[in-house]
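Reading the structure
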Amino acid sequence: MATHGARGRSGGRPTLEEVAARAGVGRGTVSRVINGSPRVSDATRAAVEAAVAELGYVPNTAARALAANRTDAIALVVPEPETRFFAEPYFSDMLKGVGSALSDTEMQLLLIFAGSDRERARLAQYLAAHRVDGVLLVSVHADDPLPDLLAQLEIPAVISGPRSAAETLPSVDSDNYGGARQAVEHLLSRGRSRVAHITGRLDVYGAQRRVDGYREAMSDAGLGVDEGLIEAGDFTEEGGHRAMAALLERHPDIDAVFAASDVTAAGARRALREAGRRIPEDVALVGYDDSAIARHMEPPLTSVRQPIEEMGRRMIDLLLTEVADRRPLASRGLERRQMVLATELVSRSSS
């Protein structure tokens, strides 16, 4: 009879073979159960899991990873300076979602910044050594070389928002176009007509789609699109302040502003107050993200909520599917998945 507890027949740690003997199955079947393969019946899975529990078997994850040519590590790559990562709630919410999705797995998460040429070169060397099983790319710009590098190295990757309408990598994003329309339609429903838009960085596809949503909402309302009411921003507070000041100088009759992020809206609010404009009496203000900034602003900021944590969880789901698929990346082109999650307007007293 096999010994119960943490020691096997040899008196050492229980082995895979001992688990197989206890469960009455082959060694390969035990391996499939431990690795989460769906190619096992429920009854067999239950028998193996019972044997694992009875013997106190602990898988050797390092050996498993080596045998499967795996590292059991995922990299979350942010091609931005560290200062922006820690200043914007978007990134911390994304990290929270990714972390929660990985908590029930044996995967390790590596956070890597690649905001400079030197950091990107160092990252390229690290990835070329295949030290991670897959990569999550957050805040990808249109000209970013990292996605193409990952494809060249045959490393599975998922990005938070496509680089363009022709994206080939799996991606998870919010409905930037629909969210922007919601924001502008809300402002128009409040009787505003001179609605300005402070954009995000326009080399980010999501920011372009928010501009598209703004344009369509203004056009559909019969107001046309005054290009002078659109000012480029960069998702930062200082960028929002500069853009708002420029808009007020050019169009002092502005009565509403849709900012491409809550951080941008905070900068716009500062410029409006410096110009003596009351919010919302003189100028209504709407942001995007529905971050903690929106709730704590005075007055509290109306904002478009995008489910950032959920986006992080969905990115992990897609990436783990990609990692488990052993086919060459090029052969999976037609199966690439682009996932778009719905947004929701959260109305507060800034509008």
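For the structure itself, consult the block above.
This write-up is about the structure you can find in this document. A quick note: this is a predicted structure, and the numbers were derived from the prediction, not measured. Numbering of residues begins from 1 in every chain and follows the order in which that chain's sequence is written. pLDDT decides what is reported in this predicted model: residues at 70 or higher carry local features, side-chain atom pairs at 80 or more are listed and counted, and totals for whole chains, interfaces and linings draw on all residues regardless. For side-chain calculations, the full set of non-hydrogen atoms in the structure is used, while hydrogens and water are omitted.

As for helix H10 (residues 205-220)
The end-to-end C-alpha separation of H10 is 22 Å, in line with the 22 Å expected for 16 residues at 1.5 Å each. The contact rule is simple, with two residues in contact once any of their heavy atoms fall within 4.5 Å. Every helix listed is a DSSP run of H or I at least four residues long, and every strand listed is a run of E at least two residues long, numbered separately from the N terminus. Here the buried face of H10 lies against helix H9 (176-189), strand E6 (195-198), strand E7 (230-231), strand E8 (256-259) and strand E9 (284-289). Phi turns positive, to about 80°, at Gly222, one or two residues after H10. Take the residue count of a helix, subtract one, and multiply by 1.5 Å to get its expected span.

So, the side chain of Thr343
Assignment of secondary structure puts Thr343 in the loop between strand E11 (338-341) and strand E12 (344-346). Counting of polar contacts relies on pairs of N or O atoms within 3.5 Å, with two restrictions inside protein: one atom must be capable of donating a hydrogen and the other of accepting it, and residues adjacent in sequence are counted only when both atoms are side-chain atoms. There is a polar contact of 2.8 Å between the side chain of Thr343 and the side chain of Gln182. Dropping the residues within four chain positions of it, Thr343 is found in contact with Ser174, Asp175, Gly178, Gly179, Gln182, Tyr288, Val304, Arg305 and Gln306.

Notes on the packing of aromatic side chains
For this analysis, a ring pair means two rings from Phe, Tyr or Trp (six-membered ring only for Trp) whose centres lie within 6.5 Å, classed as stacked if their planes differ by under 30 degrees, edge-to-face if by over 60, and tilted for the remaining angles. Under the definition given, this model contains six aromatic pairs. Measuring from centroid to centroid gives 5.2 Å for Phe85 and Phe113, while their planes differ by 80°, and the two rings are edge-to-face. With Phe85 in helix H5 (residues 82-87) and Phe113 in strand E2 (residues 108-113), this pair connects stretches of sequence that are 28 residues apart. As far as burial versus exposure is concerned, Phe85 and Phe113 are alike and both buried. With a centroid separation of 5.5 Å and an interplanar angle of 85°, the aromatic rings of Tyr90 and Phe91 are classed as edge-to-face. Residue burial is assigned from relative accessible area. The probe radius is 1.4 Å, only protein chains are included, and a residue is buried under 20% of its type maximum, exposed over 50%, and partly exposed in between.

Section: the pattern of salt bridges
Throughout this description, the term salt bridge denotes a Lys or Arg side-chain nitrogen within 4 Å of a carboxyl oxygen of Asp or Glu. Going through the model one piece at a time under the given rule, you end up with 26 salt bridges. When the shortest N-O distance is used, the salt bridge between Arg84 and Glu88 registers 2.6 Å. Taking the relative accessible area as the measure of exposure, Glu88 reaches 9% and is therefore buried. Ionic pairing is found between Arg163 and Glu167, a salt bridge with its closest N-O pair at 2.7 Å. With relative accessibility at 15%, the residue Arg163 sits in the buried group. Judged by relative accessible area, Glu167 falls into the buried class, the value being 9%.

Structural notes on the nonpolar core
To form a nonpolar core, buried Ala, Val, Leu, Ile, Met, Phe, Trp, Tyr and Cys residues must be joined to one another through side-chain atoms within 4.5 Å. Met244, Ile254, Val257 and Phe258 are the most contacted members of the largest nonpolar core, which has 37 residues in total. Mapped onto this core, the elements with two or more residues apiece are H9, E6, H10, helix H11 (237-250), E8, helix H12 (262-274) and E9. If we skip the residues at most four places from it in the chain, Ile254 touches Arg194, Ala196, Leu229, Met244, Leu247, Leu248, Arg277, Asp282 and Val283. Met94, Val98, Val158 and Ile308 belong to the second largest nonpolar core, which has 24 residues in total.

Let's talk about empty space enclosed by the protein
Over the atoms rolls a probe the size of a water molecule, and its path tells where empty space is left. Of the two site types, the cavity is a set of points on a 1 Å grid over the protein atoms alone where a 1.4 Å probe fits but cannot get out, and the pocket is an open set with protein on both sides within 12 Å along at least five of seven lines, each lined by residues with an atom within 4 Å of a point. Grid points are joined across faces, edges and corners, and a volume is the space filled by probe spheres set on the points. Scanning the model with the defined rule gives one cavity of 30 Å³ or more in all. Within this model, the largest cavity holds a volume of roughly 280 Å³. Tyr90, Ser139, Val204, Arg210 and Phe235 are the residues nearest the centre of the largest cavity, which is lined by 21 residues in total. The set of elements that each furnish at least two residues to the lining of the largest cavity consists of helix H6 (89-102) and H10. The element that contributes the greatest number of residues to the lining of the largest cavity is H10, accounting for four residues. Classes in brief: Ala, Val, Leu, Ile, Met, Phe, Trp, Tyr, Cys and Pro nonpolar; Asp, Glu, Lys and Arg charged; the others, Gly included, polar. Of the residues in the lining of the largest cavity, the class split is nine nonpolar, seven polar and five charged.

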